[in-house]
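A structural walkthrough
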Amino acid sequence: MTIARRRAHGGGAGVVGSGAKVWLKADAITPVSDGTALSSWPDSSSSGNNAVQATGADQPLYKTAVQNGLPIVRFNGTTDLMTGADPVLGTTGFTLTLVIQATAAESYPCIVCFPASLHELRLEAGTGKLDMLNGGSVCEASTSFVGTGFHVVSGVQNHSGSTYVYVDGVQVATAAAGGYNSGAYALGSRTGGADPFQGDIAEMLIYAGPTSFTAGSQLWIDWTYLQAKWATPAL
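Let me begin by describing the structure that accompanies this report. Predicted model only: the values in this text are computed from it and were never measured.

**Here we look at the environment of V66**
Along the chain, the position of V66 falls in strand β5 (residues 61-67). Not counting chain neighbours up to four residues away, the residues in contact with V66 comprise I72, R74, F150 and D200.

**Some points on empty space enclosed by the protein**
Under the definition given, this model contains one cavity of 30 Å³ or more. Here the largest cavity is characterised by a volume of approximately 40 Å³. Taken together, T97, V152, V153, S154, Y166, G169, F213, L219 and W223 make up the full set of residues lining the largest cavity. Of all the secondary structure elements, the ones that give two or more residues to the lining of the largest cavity are β13 (151-158) and α1 (218-230). A breakdown of the residues in the lining of the largest cavity according to their chemical character gives six nonpolar, three polar and no charged.

**Section: the pattern of salt bridges**
According to the stated counting rule, one finds ten salt bridges in the structure shown. With its nearest N and O atoms 3.6 Å apart, the salt bridge here joins E120 to R122. Among the ionic pairs, E120 bridges to R190, the shortest N-O distance being 2.6 Å. On the criterion of sequence distance, the pair formed by E120 in strand β10 (residues 119-123) and R190 in the loop between β16 (185-187) and β17 (198-208) is long-range, its members being 70 residues apart. For the pair E120 and R190, one class covers both residues: buried. One connected set of salt bridges, linked through shared partners, spans E120, R122, E124, D131, R190 and D195.

Conventions and cut-offs
Residues numbered from 1 in each chain as written. Predicted model: local features only at pLDDT ≥ 70, side-chain atom pairs only at ≥ 80, totals over all residues. Heavy atoms only, no water. Helix = DSSP H or I, 4+ residues; strand = E, 2+ residues; numbered from the N terminus. Contact = heavy atoms within 4.5 Å. 1 Å grid on protein atoms, 1.4 Å probe; cavity = no way out; pocket = protein on both sides within 12 Å on 5 of 7 lines; lining within 4 Å. Points joined across faces, edges and corners; volume = space filled by probe spheres on them. Nonpolar A, V, L, I, M, F, W, Y, C, P; charged D, E, K, R; others polar. Salt bridge = Lys/Arg side-chain N within 4 Å of Asp/Glu carboxyl O. Buried < 20%, exposed > 50% of the residue type's maximum accessible area, 1.4 Å probe, protein only.

Structure, rendered in structure tokens:
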């Protein structure tokens, strides 16, 4: 594994969320009050692939006015979990982008994962380093992510090349890619509740296929939008 830090430069125009297979936005959850346990998080993409949880004790909480005046979804790090149907990401790879705040890193907390193929964006146990597990190998950032506020994070899997991890528009890690088998997604822990995430998720986009963080790319367009919307660290 090699570690790199690369920044995107320049301009570009495009549509936020264009072609997303899943797009979860905390500010699209209406109408609910502060502290409401969520049974469903509506998908704002054209797929209608909502994240759901029928069991009350396992439902994360909707919290208002947490970051930049906007609501978030809070996961308790013990039982909270939401799942969605297979987004059908194809065979070339995929791109995940989220706005999150991590408050602890017990075990290997899974932020979002595809359990059928051992692909997940998660935190390292104890250290709180952000990493991408890609079919067995690990693409790991070098610094702790816990207790540092909200960040825009991305994991990119290119099945014919490499896996990349980005934090706030900076590439922080790369490693060899692993194979991917299409399957359902889990948010907040693995399916079955193993390795739960403690913290807040504000927004998430999932795309079929890898994308590079270059000016005008979909990853760049989404990061620009998310950074401004959620007031996360800028480049």
